[in-house]
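Architecture and fold: a report
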Amino acid sequence: MPIAKFDITESTCIPLPLENVDTDQILPARFLSATSRDGFGEKLFRDWRYLKTGEKNIDFVLNNPKFSGKTLVAGKNFGSGSSREHAVWAIYDYGFHVVVSSFFADIFKNNALNNGLLPIQISPEFLAKIFAAVEKNPETKIGINLEKQEITLTPTGEKESFDINPYKKSCLLNGYDDIDYLLSIKNEIEAYEKK
């Protein structure tokens, strides 16, 4: 699954106001045997999305038709637990390109950036405003400007800046993984070697 250039400027979002969501809840361990990134979206939050009978859990937000979008808004400490990269694959393959939270586990954050998923860490206060706005109106949009490193609550125009590693920012904007980046500067590397 190639990494796409990050080009989202505005999207509705799906709220998951739960704290301490770990990677085993994002993608249960029994699905870790696959090595291809494809198909993991079906397994995202599998034990929350489906009942033991195999039927959809209508009380879980991903099964609620009033919420949609390419942005997942999650509670504090999202992505804690084991370092499984597969959890990020599942989120991205499901269709999310952005995850917003007030805190991310470091390993999850790095895995996200390495796989084309933008983790935006914001203040607890701004996160609470987003949750409240989306709960009131599921059509609420969030603006994302990766170049300026700003996230905007579109209905009110309120903005907050977010941090991102400059190298990873460049990779996201260009749709590069680490190897793609090296290939993009191949001429510079060759010129340096000749010196």
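Residues numbered from 1 in each chain as written. Predicted model: local features only at pLDDT ≥ 70, side-chain atom pairs only at ≥ 80, totals over all residues. Heavy atoms only, no water.

1. Examining the overall build of the protein chain
Check the secondary structure of the protein chain and you find 8 helices and 7 strands. At 18 Å, the protein chain has a C-alpha radius of gyration in line with the 16 Å of a compact globule built from 195 residues. Along the first, second and third principal axes, the C-alpha atoms of the protein chain reach 65 × 45 × 25 Å. Looking at the protein chain as a whole, 45% of its 195 residues qualify as buried. Counting only contacts in the protein chain whose residues sit at least 6 apart along the sequence, the fraction spanning at least 24 positions is 65%. Carbon and sulfur atoms make up 49% of the accessible area of the protein chain, which totals about 10500 Å². Side chains of the protein chain carry 23 positive and 27 negative charges; the gap between the two charge centres is 2 Å. (Helix = DSSP H or I, 4+ residues; strand = E, 2+ residues; numbered from the N terminus. Rg over C-alpha atoms; globule rule 2.2 N^0.38 Å. Buried < 20%, exposed > 50% of the residue type's maximum accessible area, 1.4 Å probe, protein only. Contact = heavy atoms within 4.5 Å. Areas by Shrake-Rupley, 256 points an atom, 1.4 Å probe, with all protein chains shown as cover. Lys, Arg positive; Asp, Glu negative; His and termini not counted. Charge placed at Lys NZ, Arg CZ, Asp CG, Glu CD.)

2. So, the pattern of salt bridges
Tallying each qualifying case throughout the model produces 4 salt bridges. Across the salt bridge formed by D47 and R30, the nearest N and O atoms sit 2.6 Å from each other. Of this pair, D47 sits in helix α2 (residues 46-49) while R30 sits in the loop between α1 (23-26) and α2, placing them 17 residues apart in sequence. Residue class for R30 comes out exposed when judged on its relative accessible area of 52%. (Salt bridge = Lys/Arg side-chain N within 4 Å of Asp/Glu carboxyl O.)

3. Concerning unusual backbone geometry
Despite not being glycine, F45 has its phi angle at roughly 50°, a positive value. Secondary-structure assignment places F45 in the loop between α1 and α2. Of note in the backbone geometry, N77 takes a positive phi value of approximately 65° without being a glycine. Its location among the elements puts N77 in the loop between β2 (71-74) and α3 (86-94). Among the residues examined, N77 registers a relative accessible area of 17% and is labelled buried.

4. What about the sheet that holds strand β3 (residues 98-101)?
Adjacent strands of a sheet form backbone hydrogen bonds with each other and so pair up, either parallel or antiparallel. Across the sheet, which stays open at both edges, the 7 strands sit in the order β4-β3-β2-β1-β5-β6-β7 with mixed pairing between neighbours. This sheet does not close on itself; its edge strands, each paired only once, are β4 (118-121) and β7 (158-161). Adjacent strand axes in the sheet meet at a mean angle of 30°, parallel and antiparallel pairs treated alike. The pairing of strand β6 (residues 150-153) with β7 spans 4 bridges and is antiparallel. Paired with L153 across the strands is E158, a residue of β7. (Pairing = 2+ DSSP bridges. Axes fitted to C-alpha atoms, helices over the stretch in contact; angles between N-to-C directions.)

5. Thoughts on α3
Counting buried residues in α3 gives 7 out of 9 residues, a clear majority hidden from the surface. Taken together, the buried positions of α3 are H86, A87, V88, W89, A90, I91 and Y92. Of the residues trailing α3, G95 is marked for its positive phi of about 125°.

6. Here's the deal with the pairing of β3
Burial of β3 is two-sided: the residues V98 and V100 facing one way and the residues V99 and S101 facing the other way are all buried. One ladder, built from 3 bridges, connects β2 with β3; its direction is parallel. What sits directly across from T71, in β3, is V98. Traced from β2 through α3 to β3, the parallel crossover comes out right-handed. Running through helix α4 (residues 106-114), the crossover from β3 to the neighbouring parallel element β4 is right-handed. (Right-handed = clockwise from strand over helix to strand, strands pointing away.)

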